[in-house]
Amino acid sequence: MPAGVTHHLGQAPDDAEAPWLVSSFERQETEISEASLPLSFTDALTVTIAALTEDQANFILDQVCESLIGTRVEVEGWQVGAIQPPSVRGPYAAGLKATDTDLKYQVIRATFPFTVSR
């Protein structure tokens, strides 16, 4: 993740202050062999950005893309493909509000796919 933005795994704590990133992994698709063994998966790294303004959220998304696209995770016994450009939802106004301005945070959800196989 890019330096300078607070990063949380799975969920931001209640006292988090924007801007922040939350990341999680999700399995999107599994290909099973005739022997019923999983051979390959399409996984995704989902990054949710919470920011004070749309411009800030988009700027952070650009930084996240620069730091992730093309990188690979090493997992012993598996071949992991490079992280691909994301599908993006947002920015949109979230239900959370900044305590000092009472404005809703702007949120972007970016899903970065990659493949995993044996």
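This text goes with the structure placed above it.
Residues numbered from 1 in each chain as written. Predicted model: local features only at pLDDT ≥ 70, side-chain atom pairs only at ≥ 80, totals over all residues. Heavy atoms only, no water.

Q: So, the overall build of the protein: which residues are in play, and what are the values?
A: Looking only at helices and strands, one finds one helix and six strands in the protein. Along the protein, helices and strands appear, N-terminal first, in the series β-β-β-α-β-β-β. In the protein, buried positions account for 35% of the 118 residues. The contacts of the protein with a sequence gap of at least 6 include a subset with a gap of at least 24, amounting to 54%. Taken as a whole, the protein presents about 7500 Å² of accessible surface, with 48% of it coming from carbon and sulfur. (Helix = DSSP H or I, 4+ residues; strand = E, 2+ residues; numbered from the N terminus. Buried < 20%, exposed > 50% of the residue type's maximum accessible area, 1.4 Å probe, protein only. Contact = heavy atoms within 4.5 Å. Areas by Shrake-Rupley, 256 points an atom, 1.4 Å probe, with all protein chains shown as cover.)

Q: So what about the packing of aromatic side chains? Which residues, and what values?
A: What the rule picks out here adds up to three aromatic pairs. Measuring from centroid to centroid gives 5.5 Å for Trp-20 and Tyr-105, while their planes differ by 80°, and the two rings are edge-to-face. Separated by 85 residues along the polypeptide, Trp-20 in strand 2 (residues 20-32) and Tyr-105 in strand 6 (residues 104-117) bring together distant segments of the chain. With relative accessibility at 8%, the residue Trp-20 sits in the buried group. (Phe/Tyr/Trp six-rings, centres within 6.5 Å; stacked < 30°, edge-to-face > 60°.)

Q: If you had to explain the environment of Trp-78 to someone new, which residues and values would you point to?
A: Inspection of the secondary structure assignment puts Trp-78 in the loop between helix 1 (54-68) and strand 4 (79-80). In this structure, the C-alpha to C-alpha distance between Trp-78 and Ser-117, residues 39 residues apart in sequence, is 5.7 Å.

Q: Lay out the side chain of Gln-106 in plain terms, naming residues and giving numbers.
A: Along the chain, the position of Gln-106 falls in strand 6. Here Gln-106 is in contact with Ile-49, Ala-50, Ala-51, Leu-52, Thr-53, Glu-54, Ala-57, Pro-91, Tyr-92 and Ala-93, once residues within four sequence places are set aside.

Q: With reference to specific residues and values, describe helix 1.
A: Its 15 residues place the ends of helix 1 21 Å apart at the C-alpha level, agreeing with the 21 Å of an ideal helix rising 1.5 Å per residue. When we look at burial in helix 1, the residues that qualify are Ala-57, Ile-60, Leu-61, Val-64, Cys-65 and Leu-68. Seen end-on, helix 1 carries its buried residues on one side only, within an arc spanning 145°. Projecting away from the buried face of helix 1 at angles above 90 degrees are the exposed residues Asp-55, Phe-59 and Glu-66. With its phi angle positive at about 90°, Gly-70 sits one or two positions after the end of helix 1. (Expected span 1.5 Å × (residues − 1). Arc of directions from axis to C-beta.)

Everything listed here is a matter of geometry and, on its own, says nothing about what the molecule does.
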